[in-house]
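# Architecture at a glance
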Amino acid sequence: MAVDESYRTYSHPVYDFMMKVPGLDVMTTTVDKILSYGSEASLWIFPVATSCCGIEFMALAASRVDADRMGAIVRGSPRHSDVMIVAGTITVKMAPRVKKLWDQMPEPKWAIAVGSCAISGDFYRDIYSVVPGIDTFIPVDVYVPGCPPNPEAMMHGLLRLQEKIRASASGRDLNREARPEPIQHQRLPRLPILGDPSRPSDLDRQQVASAASLGWWDELNLDKALELAASESANESDDEQKT
Amino acid sequence: MKLLGAENSPEVQQLLIEQFSATATTIGGPPEIAVDRHVELAKILRDEHQYRIFGFVVAVHYPTRVKEATEAGEVIRVSYGLRSVGKGTRLASWQLCVPVGQSVPTLVYLFAGADWQEREQYDLVGVRFDGHPDLRRLMLSEDWQGHPLRKDYAIDTKVHPWR
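Note that this is a predicted model, so its numbers are computed, not measured. Along each chain, residue indices are assigned from 1 in the same order as the chain's sequence is written. By the order in which they are written, chains take letters starting at A while ligands take numbers starting at 1. pLDDT decides what is reported in this predicted model: residues at 70 or higher carry local features, side-chain atom pairs at 80 or more are listed and counted, and totals for whole chains, interfaces and linings draw on all residues regardless.

## What about the overall build of chain A?
For chain A, the count of helices and strands is 8 helices and 4 strands. Secondary structure follows DSSP: runs of H or I at least 4 residues long count as helices, runs of E at least 2 residues long count as strands, and numbering of each begins at the N terminus. When the helices and strands of chain A are placed in sequence order, the string is α-α-β-α-β-α-β-α-β-α-α-α. Burial statistics for chain A: of 243 residues in total, 26% are counted as buried. Three classes are used. A residue is buried when 20 or more other C-beta atoms lie within 10 Å of its own, exposed when 12 or fewer do, and partly exposed in between, with C-beta atoms placed from the backbone.

If you want it as structure tokens, here you go:
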């Protein structure tokens, strides 16, 4: 027999039978190819379109780009779908819903993150209500960068996913892993908030002065306010020293 | 006397000053009135001055650090605006100033449109509306801790398990 059996560490009746019949292992790889062709040529899409990337996604399904020619039909139910395309910002409130929909999709399933918000949160990353990338809670196969990416880029993402399905059917190891927890310092605010001891006192003065230059705080005695704030923080530090 | 908040029509300004002893604030915005006469003012504006559309309610948190500017301690300032179709004026607006933790009387029973807007302000700033029939969170998830538009809300507050 052509196959080297020396490394086998497991046994299964079906596998043993397949190995005994000459030519059957060749046939099963052929069947694998046919099955993977079936998977990659009928990628039914479940869209999670939450913002402007969703508008570009509509162009992907429309006639000019026409994802339908790859067999990618947009479906309204997660139970009919193979690919979840997350296009747009996912908020903390939306994330459990997306996870629930992902869990409702039958295997085999894939996920595509479209746009920089779905990939990393982009400039909404530090906001209290936004998830910094959907790969913090579901495994993502293909990332399509852009803000928003054009429909051709999304089509390219679909083609890359087809390549990936083909590769994994031919035995290459392409396991997905959720990204680890984002690093702490990336979430800290760029400017210390009011009352933060690390906030420079000059910043207070600049911000109040810019507000005053707009005519908002006409009757505000700026110097007095800043003096009082300084004495307050001095008192606080005194208290800390006493304790 | 001219109050800040020039968008009020002369008629409404006169009403605010003479009947409600409204004052200009040091930080700008519409004229300030007492909290306990707030519903009365809204009722008069709705019934006698044709302001029948609820425009907005916006709350802003002023922390202790700027209390000398407001001279009232740590406060939440709540601004209201009503709109009128018949009058042809833009809006009638006023503001309230309450210490943090004190509630504001609701306007839901005068204007149905105030319902969700008051819920939003409760959600984000944490000002409570007395007598609101259904004061739940509107924008954020139900199990959220704290009110994110307060100035003392730490921006890196950890939200389990997606943040």
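## Brief notes about the sheet that holds strand β4 (residues 142-144) of chain A
Residues and elements named next belong to chain A. A pair of strands counts as paired when DSSP detects no fewer than two bridges linking them. In spatial order, the strands read β1-β2-β3-β4; together these 4 strands make up an open sheet with parallel pairing. Whereas interior strands pair on both sides, the edge strands pair on one side only; in this sheet they are β1 (45-49) and β4. Sheet twist, expressed as the average angle between the axes of neighbouring strands with direction ignored, equals 20 degrees. Taken together, the 3 bridges between strand β3 (residues 110-114) and β4 define a ladder with parallel strand orientation. Looking at β4, one finds that V114 is bridged to V144. On the sheet, helix α6 (residues 151-169) packs against β2 (83-87), β3 and β4 and is oriented at approximately 165 degrees with respect to β4. Fitting a line to C-alpha atoms yields each axis, with helices limited to the stretch in contact; the angle taken between N-to-C directions then spans 0 to 180 degrees. By the criterion used throughout, residues are in contact when their C-beta atoms, derived from the backbone, lie within 7 Å.

## Considerations on the environment of V85(B)
As for its placement among the helices and strands, V85(B) is situated in the loop between β2 (75-83) and β3 (92-99). Placed 32 residues apart in sequence, V85(B) and I53(B) show a C-alpha to C-alpha distance of 8.0 Å.

## Notes on the packing of helix α2 (residues 24-40) of chain A against α6(A)
Residue and element names in this part refer to chain A. Where α2 contacts α6, the axes come no closer than 9 Å and their chain directions differ by 160 degrees. By the angle class used here, α2 and α6 are roughly antiparallel. The hand of the α2/α6 crossing is right-handed. Residues D32, K33, S36, S39 and E40 of α2 form the contact with α6, whose own contacting residues are Q162, I165, R166 and A169. The labels follow the angle: roughly parallel below 35 degrees, roughly antiparallel above 145, roughly perpendicular from 65 to 115, and oblique for the rest. Crossing handedness is defined as follows: a turn of the near helix away from the far one that is anticlockwise and smaller than a right angle gives a left-handed crossing, while the clockwise case is right-handed.

## Quick notes on the environment of T89(B)
Along the chain, the position of T89(B) falls in the loop between β2 and β3. Overall, T89(B) belongs to the partly exposed group, with 17 C-beta atoms counted inside 10 Å.

## Details of the nonpolar core
The nonpolar core criterion groups buried Ala, Val, Leu, Ile, Met, Phe, Trp, Tyr and Cys residues into a set whenever they are joined through C-beta atoms within 7 Å. Ranked by internal contacts, the top residues of the largest apolar core, which has 39 residues, are I85(A), V86(A), I112(A), A113(A) and V114(A). Sorting the residues of this core by element identifies β1, α3 (52-61), β2, α4 (95-104), β3, α5 (115-120), β4 and α6 of chain A as the ones contributing at least two each. Those residues within four positions of I85(A) in sequence are excluded, and the remaining contacts are I45(A), P47(A), V48(A), F57(A), I112(A) and V114(A). Within the second largest apolar cluster, 31 residues are counted, among which are L16(B), Y51(B), L91(B) and L96(B).

## Points about the sheet that holds β2(B)
Residues and elements named next belong to chain B. The 3 strands are arranged β1-β2-β3 in an open sheet whose pairing can be described as antiparallel. Both edges of this open sheet fall to β1 (53-62) and β3, since each of them pairs with a single strand only. Pairs of neighbouring strands in the sheet enclose a mean axial angle of 15 degrees, with direction left out of account. Bridge analysis of β2 against β3 gives 8 bridges, and the strand direction is antiparallel. Note that in β3 the partner of G81 across the bridge is S93.

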